[in-house]
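Descriptive structure summary
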Amino acid sequence: MVGRDIWIWAEFCRNEPSPLTLELLAAGRFLADRSGGRVTAVVTGEVSSDGAATLGLYGADHVLVLSHPALARFSDEDHAHALAAAVKTRKPAVLLLGASIAGKSVAPRVAAKLGAGLLAECTAIDWTAETLRGVVPLYGGTVLATKEVVALPALAVMRAKSFTPLSPDGNPDVTVEEVRLAPGGLPERVKVIEVAVEETGEVRLEDADVIVSGGRGLGRSEHYKLVRELAEVLGAACGASRAIVDAGWVPYKHQVGQTGKSVKPKVYIACGISGAVQHLAGMRNSDIIVAINNDVEAPIFQLATYGIVGDVLEVLPALTAAFRKRASEG
Amino acid sequence: MTVRIVVCLKQVPIPGDVRVNEAGELHYLTGNTMMNLFDAHALEGGLRLKDDVGATVVVLGFGGGKVVESLRQAVAMGADQAVHVTDSGCESIDSSYTALVLAAAIQRLGGADLVLVGRESTVANSGQVGPMLAEFLEIPHVSAVRKIWVENERVRVERDLEWAVETLDAAVPVLCTVSREIGEPRLASVKGVIRAKKTVISTFSISDLGLEPFRAGEARTRIIKLEAAPPRPRGVLLQGSLKEQIDQLVKLLDANIAMKRGSCCGR
C-alpha cells in the first residue's frame, strides 16, 4: 500500500542544496502537512553532514541517501534507476523534482519505469481528495491546465520560484539514512567523462530576484554591455531575447523565452525587447515587469508594470547611474 | 557501419495561436502549425552527423495529418526516410502513450543507433517524451545535448547543466534530447524540396504497431480544467523628462531590489 510520505529529489551544487531544492522542501512540507505524512529528501549520490543538516533546517524530516560509485556524477539513466527502485520499495505518496535539466530528465524516466502519473512543469500543487493536483502552464503560459494524478505514487516536476523556501528553523539533526546500492545494481551504460564547472561569477537566471534583459533594440552587440552594467549594479542576472542570442551577441544560456528559460524574478527589466510571443512566454510571470523601448506600440508594454518610452541607449546608462548613486547613498 | 538515426518530430501550434474560452475549451486562432523548434534542432543534429559520418536519417512523426508537413520539410532538409504514425482519431495528450507509440514504431523500423528528439516541446515545455521513449526502448538517454560525435559504435556528447558542461560517452544505442546549441536548422535546398514532393511517406497505424488506441480513461493523469492565464493588471507608462522618469522608476522599484550581489552557483 502506498504511504502518505512526500519525497523530494535533492540536488546539490558545491555541497549545498540548490535553491530549487529548498523550494521543493517547502512544497514537500506543504503537501505532507495536508497528507499527514513526513518529508523525505532523497539524495542520489553523496551528501555532506552540513548538506544533510541544511535539508533538515529547510523542512526535511528524514534524509535518504542512495549511494553508489556511479551516482557520484549525474548520469540520467542511473539516477532514474536508483530513484525508481527506492520509490517502488518504500512507496511514498508523492515524489517531487525540480524543473532543472537533471530533474526534467530523471522524472519522466522514473514515471515510465513505475507506470506512474507525472505532472510536469507545475507552478502550483496541492493535495486534494487524497491525490496530487497541479497547475501546469501550456502554450507559452497563456493556458493553465489543472491536472490530477489518477493513482499514487504521483510525480511532479516543479518550476523554480513556485514555492518560497521556509525559514531555516527546522531540524538540524535530521536523521540521515544511507543505503549503499549493490555493485552492478545500476545500468551504468553512460559514463560521465568530464565535468567542466563554469566559474563565470554571473548570477543565474533561475535564481535571480532581478533580471535585466536585452533585445534587438540595443542595436549592436557592443551595447549589451549596458545591460551587464545595470545588472552588475543591481546584483541581477543578465537575460536576452532569442533574436540577440541567434545573432551571437550572448550565449544561449541567457535566453529567456519559450525555447530558452522560464523565469519568475521579482523584477524583470526588458531593455529594447519588443515582446515577441515566445519571449513573453518565458517572463510573463515576473512580479514586476519594466519595459524600456522606443516603440510605444511594442507588445512588451501590454505586460509591463512600468514602461519608459525612449531610446534604450540613453535610458539604460541613466538608470544605471541612478541606481549606482542610490547604492552609494546606502 | 552506417549510423542509423531516428529523429522524432512533433507538430505544434504556432506561438500565440491557442486561446481558451470561459468554458475551458481550446481555440486555435489560425490553426497553423509548425515543426517543434527543438525538434528542428534535433533534426539538424542528425543531418550534421549524416554530413560527417554518413548516417541514415529517418524522421518519425506521430499524430494527425499536419505532422506530414514537418516530415516533408525534414526530407527537404536532407532526411532519407519519413514515417508517419497516424493517431487513432483522438487527440493524444498523454506523453507516456506518445512515447510508447514512438518506441513501437522505432522497433518496427528495426531500431536505431541514435534516437534524437527535441529537449522539450513548446506546448508544455515538459520534455517528458524523450526520457520515457528511452525507457520503453530500454536504452540509455542523455538530456539537453549540445554536441554529438559518433565513432566506432560509440556516442560522445556534450551537454549543459545549469552549472557545468558535461562530456559523456556510451555505446550505441542511445537517445539524446537535443538543445538549441547543436546548431541552427538548415534551410531546405531546391533539390531537397523536389525530392520531398516525390517521397512516399510510409504510414503505420496504431494497430499496425500492435497497440491499442489511446483511451483517455487509462491515462495516469487527467485534466480537471483549462483556463486562460489571469491577465496582468494594466501598467503605467512613466511621464516627464528622462530624469523624472528614471527618478520615478528608482523610487517605484526601491522596495523590490535588494541592491546586493547575488551568489553564483557552481558545482
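Not measured: the values here are computed from a predicted model. (Residues numbered from 1 in each chain as written. Chains lettered and ligands numbered in written order. Predicted model: local features only at pLDDT ≥ 70, side-chain atom pairs only at ≥ 80, totals over all residues. Heavy atoms only, no water.)

1. Description of the overall build of chain A
Across its full length, chain A carries 9 helices and 18 strands. Here chain A has a C-alpha radius of gyration of 21 Å; the compact-globule value for 330 residues is 20 Å, and the two agree. Taken along the three principal axes of its C-alpha coordinates, chain A extends 65 × 40 × 40 Å. Buried residues in chain A amount to 59% of all 330 residues. Restricting to contacts in chain A with at least 6 residues of sequence separation, those with at least 24 account for 65%. Carbon and sulfur atoms provide 50% of the accessible area of chain A, an area that totals close to 12100 Å². (Helix = DSSP H or I, 4+ residues; strand = E, 2+ residues; numbered from the N terminus. Rg over C-alpha atoms; globule rule 2.2 N^0.38 Å. Buried < 20%, exposed > 50% of the residue type's maximum accessible area, 1.4 Å probe, protein only. Contact = heavy atoms within 4.5 Å. Areas by Shrake-Rupley, 256 points an atom, 1.4 Å probe, with all protein chains shown as cover.)

2. Some thoughts on the environment of D78 of chain A
Residue and element names in this part refer to chain A. With respect to the helices, strands and loops of the structure, D78 is situated in helix α3 (residues 76-90). On the basis of relative accessible area, D78 is assigned to the buried category, the value being 2%. For the pair formed by D78 and G185, sequence separation is 107 residues and the distance between their alpha carbons is 9.3 Å. Residue contacts for D78: discarding those within four places in its chain leaves A70, L71, L186, P187, E188, R189 and V190.

3. Quick notes on the UniProt feature "domain: Electron transfer flavoprotein alpha/beta-subunit N-terminal" (unreviewed entry) in chain A
This chain's UniProt record puts "domain: Electron transfer flavoprotein alpha/beta-subunit N-terminal" (unreviewed entry) on residues 6-190 of chain A. Secondary structure across residues 6-190 of chain A comprises 30% helix and 34% strand; the distance between its end C-alpha atoms is 30 Å. (UniProt positions renumbered as here; feature names shortened; annotations may be inferred.)

4. A closer look at the pairing of strand β11 (residues 154-158) of chain A
Residues and elements named next belong to chain A. In terms of burial, β11 is largely enclosed, as 5 of its 5 residues are buried. Of the pairings in the sheet, the one linking strand β6 (residues 94-98) to β11 comprises 5 bridges and is parallel in character. Considered in β11, the bridge of G98 is made with M158. Pairing analysis gives 4 bridges linking strand β7 (residues 117-122) to β11, with the strands arranged parallel. Following the sheet pairing, C122 is matched in β11 by M158. (Pairing = 2+ DSSP bridges.)

5. Concerning the packing of helix α2 (residues 67-77) of chain B against helix α5 (residues 190-198) of chain B
Residues and elements named next belong to chain B. For the pair α2 and α5, the least separation of the axes is 7 Å and the interaxial angle reads 135°. What the angle tells us is that α2 and α5 run oblique. Like other packed secondary-structure pairs, α2 and α5 cross with a definite hand, here right-handed. Facing R72, V75 and A76 of α2, the residues of α5 in contact are G192, V193, R195, A196 and K197. For the contact of α2 with α5, the per-class residue count stands at 4 nonpolar, 1 polar and 3 charged. (Axes fitted to C-alpha atoms, helices over the stretch in contact; angles between N-to-C directions. Parallel < 35°, antiparallel > 145°, perpendicular 65-115°, else oblique. Left-handed = near helix turned anticlockwise from the far one by under 90°. Nonpolar A, V, L, I, M, F, W, Y, C, P; charged D, E, K, R; others polar.)

6. Digging into the sheet that holds strand β12 (residues 175-180) of chain A
Residue and element names in this part refer to chain A. Taken together, the 7 strands give an open sheet; going across it, the order is β7-β11-β6-β1-β4-β5-β12, and neighbouring strands pair in parallel fashion. Lying at the two open borders of the sheet, with one neighbouring strand each, are β7 and β12. Averaged over all pairs of adjacent strands, the angle between strand axes in this sheet comes to 20°, irrespective of strand direction. Lying over the sheet, helix α1 (residues 19-35) contacts β1 (6-9), β4 (39-44), β6 and β11, oriented at roughly 175° with respect to β1.

7. A short note on the environment of V47 of chain A
Residues and elements named next belong to chain A. Among the secondary structure elements, V47 is positioned in the loop between β4 and α2 (49-57). Here the alpha-carbon distance between V47 and F163, two residues 116 residues apart in the chain, equals 23 Å. Those residues in contact with V47 that sit more than four places away from it in its chain are F12, A52 and V65.

8. Considering the domain arrangement of chain B
When its domains are assigned, chain B resolves into domain 1 (4-218) and domain 2 (232-267). Computed from C-alpha atoms alone, the centre-to-centre distance between domain 1 of chain B and domain 2 of chain B is 42 Å. (Domains from an automatic or database assignment.)

9. A closer look at the confidence of the model for chain B
Residue and element names in this part refer to chain B. Taken residue by residue, chain B gives an average pLDDT of 92. The fraction at 70 or more is 95%. Overall, residues 260-267 carries pLDDT values under 50, and its contacts beyond four positions in sequence, including any with other chains, amount to 27 contacts. For this predicted complex, the interface score ipTM comes out at 0.96, alongside a pTM of 0.95. (pLDDT = per-residue confidence, 0-100.)

10. Structural notes on the interface of chain A and chain B
Contacts between the two partners involve 99 residues from chain A, matched on the other side by 85 residues from chain B. Together chain A and chain B conceal approximately 8500 Å² of surface at their shared face, both sides included; 59% is due to carbon and sulfur atoms. Counting every contact that joins chain A to chain B gives 7 salt bridges. With its nearest N and O atoms 2.8 Å apart, the salt bridge here joins E148 of chain A to R222 of chain B. For the pair chain A and chain B, the number of links is 39 residue pairs in polar contact (both at pLDDT 80 or more). Grouping the amino acids of the side of chain A that touches chain B by side-chain chemistry returns 51 nonpolar, 21 polar and 27 charged. Pairing between strand β18 (residues 306-309) of chain A and strand β15 (residues 236-237) of chain B: 2 bridges, direction parallel. Bridging from a neighbouring strand, G307 of chain A pairs with L237 of chain B of β15 of chain B. (Buried area = accessible area lost by both parts, 1.4 Å probe. Salt bridge = Lys/Arg side-chain N within 4 Å of Asp/Glu carboxyl O. Polar contact = N/O pair within 3.5 Å; in protein donor to acceptor, adjacent residues only side chain to side chain.)

11. Some points on the pairing of β4 of chain A
All names here are of chain A. Of all 6 residues in β4, 6 are buried; the element is thus mostly enclosed. Along β4, one buried face is formed by V39, A41 and V43 and the opposite face, lined by T40, V42 and T44, is buried too. Sheet topology places β1 next to β4; 4 bridges connect them, and they run parallel. When the bridges of β4 are listed, I6 appears paired with V39.

12. Overview of the side chain of D113 of chain B
Residue and element names in this part refer to chain B. Relative to the helices and strands, D113 resides in the loop between α3 (95-108) and β8 (114-118). One buried charge, D113, has no salt-bridge partner; the nearest side chain with opposite charge is R4, at 6.7 Å. Ignoring anything within four residues of it in the chain, the contact list for D113 reads M1, T2, V3, R4, V172, P173 and V174. (Lys, Arg positive; Asp, Glu negative; His and termini not counted.)

13. What about the state of the cysteines?
Under the criterion given, the structure shown has 0 disulfides over all chains. Just so you know, C271 of chain A is unpaired, no disulfide at all, and the nearest cysteine sulfur is the one on C238 of chain A, 9.9 Å from it. C8 of chain B takes part in no disulfide bond, and the closest cysteine sulfur, belonging to C176 of chain B, lies 12 Å away. C8 of chain B gets classed as buried once you look at its relative accessible area, which sits at 4%. (Disulfide = S-S within 2.5 Å.)

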